[in-house]
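Overview (structure and organization)
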Amino acid sequence: MKEANRTIAEGRVWFQSAGKEAWMAKGANMAIRAVNLIGLLLLVLIFALPFAWMISTSLKTMPETMVFPPEWIPKNPVWQNFSEAWSSGPFLQYFVNSVVIAVCILALQMLTIIPAAYAFARYQFKGSGLLFGMVMITLMIPSQLIFLPVYLELSAWKLLNTHLGLILPFASSAFGIFLLRQAFKQVPEELIEAARLDNAKEWKVILNIMVPLVRPVLITFALFSFIAHWNDYFWPLVMTTDETARTLPLGIAKIREVEGVATWNILMAGNLILVLPILIVFFFAQRQIIRAFVYNGVK
Amino acid sequence: MMAKIELKNIGKKFKDEEVIKNLNLTIEDGSFTVLVGPSGCGKSTTLRMIAGLDKQTSGDILIGGRSVNHIAPGLRDVAMVFQNYALYPTMTVRENIEFGLKNRKVPKQERDTLIHDISEIVGLTSYLNKKPQMLSGGQRQRVALARAMVKQPKVFILDEPLSNLDAKLRNQMRTELIQLHRRLGTTFVYVTHDQVEAMSMGDVIVVMNQGVIQQAASPAKLYGDPENLFTAQFIGTPAMNILNFSEVQGLHIPAAERIGYLGFRPEHVLMKQDLHREGFTLDGEIVTRESLGAETIYQIKSKAGVFFVKTFLEPMEMNSQIKVTIPYEQLYYFAPDGQRIRGIEAREKSLSFVGGK
Ligand SMILES: Nc1ncnc2c1ncn2[C@@H]1O[C@H](COP(=O)(O)OP(=O)(O)OP(=O)(O)O)[C@@H](O)[C@H]1O
Ligand SMILES: [Mg+2]
């Protein structure tokens with residue numbers, strides 16, 4: 001999903017910049033435009049098809065899912081699939097857990113990465129290079145490699161089956177620090193100096209000058225983070241053994257187990273419930289994200 | 001609210017590079033002081049030290065008699081206008097102006113009146129709710145000024161505030177700044193590397209070169225009575241002509257061995273021979289003629305070197321061979337190290353001299 005939209009955004013940027021070369025021979029220009037357009041359409045198809053498939057399947061009856069050739073639009077959409085998926089487990093609980101965890105992670109990350117990125121971007125302190133190097137290294141370590149010690153540590157703290165256990169490991173984000181540091185570095189020094197002359201405290205400089213300037217980047221990161229943790233399957237699987245902290249992706253995966261047979265229609269309905277919040281958030285943040293990709297610093 | 005600025009034995013190093021060397025300067029309260037000098041001579045650095053954005057490596061800075069060495073930029077009662085304005089891009093004009101007031105916890109009502117008054121003065125009232133990106137260069141400049149003025153600082157610091165404007169707007173803003181200074185009566189410290197700007201705006205001009213003050217004086221004094229070669233050549237267009245004294249013939253001067261260079265201004269050269277003025281004469285050949293309307297500038301090649309002549313409202317000289325005269329009192333003498341030598345007076349053929357010290 002997120003890849004799909006990012007690619008579309010990038011495609012659009014690329015398309016726009018190609019469009020700028022209007023001084024080129026008109027014919028060649030038209031040809032390039034046509035190729036661009038076809039390319040974009042292909043991209044849309046590649047990413048939209050599975051999605052359409054999911055929606056279509058979620059509205060079919062069991063036998064209809066098996067029909068070949070498949071029917072794209074079911075004759076009698078079965079809306080009960082959604083309620084069936086929802087009631088196949090304590091889905092309200094899953095949903096609340098997912099929201100609480102993804103939102104808390106995001107809030108904590110904002111709290112940690114903004115000051116960290118600001119410090120790395122704007123101050124040369126003893127060991128700043130080394131520290132930043134360490135942050136960057138964590139980007140290269142796959143989480144599967146270190147999940148065991150983290151799991152042991154957290155279980156020693158009695159955090160299994162708790163929200164905190166699902167939140168704490170992600171309280172900061174190396175990717176976020178990196179991304180934000182780059183954005184902060186582009187802010188001209190004079191702006192900060194002007195703020196200093198305006199008697200602004202450091203936190204005011206951050207909140208009133210820096211953060212608004214990098215808002216598109218921040219929103220993009222927030223979205224990536226939210227989606228990643230909303231969809232996360234691995235860590236909740238490791239950290240939960242009962243329903244108290246279990247999240248939506250786990251609940252949906254369980255649909256398959258419960259029924260024994262692959263009830264694709266119910267599963268797809270569950271998946272749709274899972275991605276719907278993301279779609280809604282994305283819908284509202286879309287413009288900001290595209291801006292973040294065409295973001296070329298402060299003019 | 002006294003705001004005399006005193007810089008005492010200021011030195012500034014970046015890493016090992018010494019940028020300012022033992023600088024001493026007093027900027028009088030209420031003056032319009034202009035720092036001028038070639039690029040990289042340390043003007044901005046000096047300003048930034050006064051504002052507190054850079055810390056001097058050695059020496060003391062006093063504002064209004066109070067040492068500000070350890071006082072944060074925001075608490076020095078100094079407002080700065082940056083060359084590229086440095087307006088906060090995400091804030092509206094109003095918020096830009098208001099930011100400093102909010103940080104100083106000025107009550108809302110007072111803020112509103114201040115903003116209202118200031119935007120009236122600089123003519124921004126109808127733009128208050130726009131973002132800086134939507135404004136023209138001149139309007140941004142005004143916002144920057146308003147943002148500085150609203151804090152009612154003791155000192156205004158302006159670092160090449162007009163260099164991003166086109167020529168016409170620059171002239172207009174120059175006049176407005178002079179009026180603003182009269183109106184506020186606050187100390188202005190202004191940096192430019194445009195000597196015309198400096199001459200037209202400053203009460204006091206501080207000429208700097210390579211981190212050292214060459215001369216600090218009024219525009220008239222700088223022009224008429226330069227301390228050294230650098231100042232003499234920096235002020236005036238075209239610059240003062242400088243001839244190597246050893247190549248100059250026909251000047252009879254006592255103690256001539258002390259002199260390294262002879263200087264005279266292009267506008268003091270007389271091209272007409274019928275004048276009964278005593279002076280130093282030079283034979284030469286006109287190499288180029290350049291008419292600027294009322295003025296004409298000639299480049300003349302003589303045995304003693306190439307020099308420029310500027311005439312005003314005179315018909316263009318068409319002969320190529322020419323004899324020019326520079327009145328004795330318009331000659332400047334400099335030692336080999338560039339320092340001005342005063343009190344020398346040349347006399348035609350006569351060997352007597354007056355007042356040499
Ligand atoms: N942050 C810095 N680090 C290292 N060197 C610096 C720094 N800032 C200025 N310098 C050096 O100090 C010298 C003086 O710089 P400064 O900016 O004061 O010159 P300026 O007179 O304002 O020149 P301009 O007219 O080009 O603005 C220059 O040689 C410059 O390279
Ligand atoms: Mg400068």
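By convention here, each chain's residues receive numbers from 1 onward along its written sequence. Lettering of chains starts at A and numbering of ligands starts at 1, both following the order in which they are written. Two thresholds apply to this predicted model, a pLDDT of at least 70 for residue-level local features and 80 or more for giving and counting side-chain atom pairs, whereas whole-chain, interface and lining totals are computed over all residues. Water and hydrogen atoms play no part in the side-chain values, which are based on all heavy atoms of the structure.

Section: the nonpolar core
- Formed by 66 residues in total, the largest nonpolar core has its most connected members in I114(A), L180(A), F184(A) and I157(B).
- In this description a helix means any DSSP run of H or I spanning at least four residues, a strand means any run of E spanning at least two, and both kinds are numbered starting from the N terminus. By residue number, the principal contributor to this core is helix 5 (residues 91-122) of chain A, which donates 8 residues.
- Contact between two residues is taken to exist if any of their heavy atoms lie within 4.5 Å; hydrogens are not considered. In this structure L180(A) touches I113(A), I114(A), A117(A), V214(A), V217(A) and L218(A), once residues within four positions along its chain are discounted.
- As used in this record, nonpolar core signifies buried Ala, Val, Leu, Ile, Met, Phe, Trp, Tyr and Cys residues forming a set joined through side-chain atoms within 4.5 Å. Three labels apply to residues, based on accessible area from a 1.4 Å probe with only protein chains included: buried if under 20% of the type maximum, exposed if over 50%, partly exposed otherwise in between. One finds V122(B), F188(B), Y190(B) and A217(B) within the second-largest nonpolar core, a separate group that totals 43 residues.

Examining the site of ligand 1
Residue and element names in this part refer to chain B.
- Being near a molecule or strand, for a residue, comes down to having at least one heavy atom within 4 Å of it. Close to ligand 1 lie F14, E17, V19, S39, G40, C41, G42, K43, S44, T45, E160 and H193.
- Counted as a polar contact is a pair of N or O atoms within 3.5 Å, where, for protein atoms, one must be capable of donating a hydrogen and the other of accepting one, and residues adjacent in sequence contribute only when both atoms are in side chains. At 2.8 Å from an oxygen atom of ligand 1 is found a main-chain nitrogen or oxygen belonging to G40.
- In this structure, an oxygen atom belonging to ligand 1 sits 3.3 Å away from a side-chain N or O atom of H193.
- The dominant element in the shell around ligand 1, judged by the number of residues it contributes, is helix 1 (residues 43-51), at 3 residues.
- Each residue receives one of three labels: charged for Asp, Glu, Lys and Arg, nonpolar for Ala, Val, Leu, Ile, Met, Phe, Trp, Tyr, Cys and Pro, and polar for the others, Gly being one of them. Counted by class, the shell around ligand 1 contains 3 nonpolar, 6 polar and 3 charged residues.

Quick notes on the domain arrangement of chain B
Residue and element names in this part refer to chain B.
- The domain boundaries assigned to chain B delineate domain 1 (5-232) and domain 2 (238-355).
- Segment limits for the domains were obtained from an automatic or database-derived domain assignment. Computed over C-alpha atoms only, the centres of domain 1 and domain 2 are separated by 39 Å.
- As used here, buried area is the combined drop in accessible area, with a 1.4 Å probe, of two parts when they are placed together. Looking only at domain 1, the three residues that lose the most surface to domain 2 are Y223, L229 and A232, adding up to 57% of its buried area.
- Only one rule defines a salt bridge in this text: a Lys or Arg side-chain nitrogen within 4 Å of an Asp or Glu carboxyl oxygen. Scanning the region where domain 1 abuts domain 2 turns up 2 salt bridges.
- At the surface where domain 1 touches domain 2, the tally comes to 8 residue pairs in polar contact (both at pLDDT 80 or more).
- Among the secondary structure elements, those contributing two or more residues to the side of domain 1 that touches domain 2 are helix 7 (219-224) and helix 8 (229-234).
- The leading source of residues in the side of domain 1 that touches domain 2 is helix 7, at 3 residues.
- Of the residues that constitute the side of domain 1 that touches domain 2, the class distribution is 5 nonpolar, 2 polar and 2 charged.

A short note on the sheet that holds strand 18 (residues 340-341) of chain B
All names here are of chain B.
- The criterion for strand pairing is that DSSP finds at least two bridges linking the strands in question. In spatial order, the strands read 11-12-17-18; together these 4 strands make up an open sheet with antiparallel pairing. Edge strands, defined here as strands with exactly one partner in the open sheet, are strand 11 (241-244) and strand 18.
- Of the pairings in the sheet, the one linking strand 12 (residues 261-264) to strand 17 (residues 332-334) comprises 3 bridges and is antiparallel in character. Within strand 17, the position partnered with G263 by the bridge is Y332.

Here's the deal with a positive patch on the surface
- Patch membership requires more than 30% relative accessible area and the absence of a salt bridge. Residues of like charge join within 9 Å; the nonpolar side chains Val, Leu, Ile, Met, Phe, Trp and Tyr join within 5 Å. Throughout, the Shrake-Rupley method with a 1.4 Å probe supplies accessible areas, and for residues the shown protein chains are the sole cover considered. His is not counted, nor are the chain ends; Lys and Arg add positive charge and Asp and Glu add negative charge. Where a charge lies is defined by one atom per residue type: Lys uses NZ, Arg uses CZ, Asp uses CG and Glu uses CD. On the surface, R215(A), R287(A), R291(A) and K131(B) cluster together into a positively charged patch.
- Secondary-structure assignment places R291(A) in helix 15 (residues 264-294).
- A relative accessible area of 45% means that R291(A) is categorised as partly exposed.

As for a nonpolar patch on the surface
- Side chains of L45(A), L49(A), W53(A), W72(A) and I73(A) sit close together on the surface and give an oily, nonpolar patch of about 540 Å² of accessible area.
- Mapped onto the elements, W72(A) comes out in the loop between helix 3 (62-66) and helix 4 (80-87).

Looking at the environment of T90(B)
- Turning to its location among the elements, T90(B) is positioned in the loop between strand 6 (78-81) and helix 2 (93-103).
- Along the sequence, T90(B) and T311(B) sit 221 residues apart, while their C-alpha atoms lie 53 Å from each other.
- Filtering out sequence-adjacent residues up to four positions away, T90(B) remains in contact with N208(A), P212(A), L213(A), E95(B) and K131(B).

Describing the interface of chain B and chain A
- Contacts between chain B and chain A engage 22 residues on the former and 16 residues on the latter.
- Carbon and sulfur atoms make up 61% of the surface buried where chain B meets chain A, a total of about 1,700 Å² over both sides.
- Linking chain B to chain A there are 2 salt bridges.
- Where R48(B) meets E193(A), a salt bridge forms, and the shortest distance between an N and an O atom there is 2.6 Å.

Section: helix 11 (residues 202-213) of chain A
- Expected span of a helix: the number of residues minus one, times 1.5 Å. The terminal C-alpha atoms of helix 11 of chain A, which comprises 12 residues, lie 16 Å apart, in line with the 16 Å expected from a rise of 1.5 Å per residue.
- Three or more residues of helix 11 of chain A are buried, namely K204(A), V205(A), I206(A), I209(A), M210(A), V211(A) and L213(A).
- Those residues of helix 11 of chain A that are buried are in contact with helix 5, helix 9 (174-185), helix 10 (189-197) and helix 12 (215-231) of chain A together with helix 2 of chain B.

What about the pattern of salt bridges?
All names here are of chain B.
- Enumeration over the complete set of coordinates arrives at 16 salt bridges over all chains.
- Salt-bridge contacts for R48 lead to D54; the nearest nitrogen and oxygen are separated by 3.0 Å. With respect to burial, R48 and D54 carry one shared label: buried.
- Several salt bridges share partner residues, and in doing so they unite K221, D225, R340 and R342 into one network.

Examining the side chain of T296(B)
Residues and elements named next belong to chain B.
- Examined against the element boundaries, T296 turns out to sit in strand 14 (residues 295-302).
- Residue classification places T296 among the buried residues on the basis of a relative accessible area of 4%.
- If we ignore the near neighbours within four places in the chain, the residues touching T296 are E290, S291, V309, K310, T311, E314 and M316.

What about the confidence of the model for chain B?
Residue and element names in this part refer to chain B.
- On average, residues of chain B score 90 in pLDDT, and 96% of them are at 70 or above.
- The low-confidence segment residues 350-357, where pLDDT is below 50, has 10 contacts with residues more than four positions distant or belonging to other chains.
- Interface predicted TM-score (ipTM) for the complex: 0.83; the corresponding pTM is 0.80. Per residue, pLDDT measures the predictor's confidence, with a range of 0 to 100.

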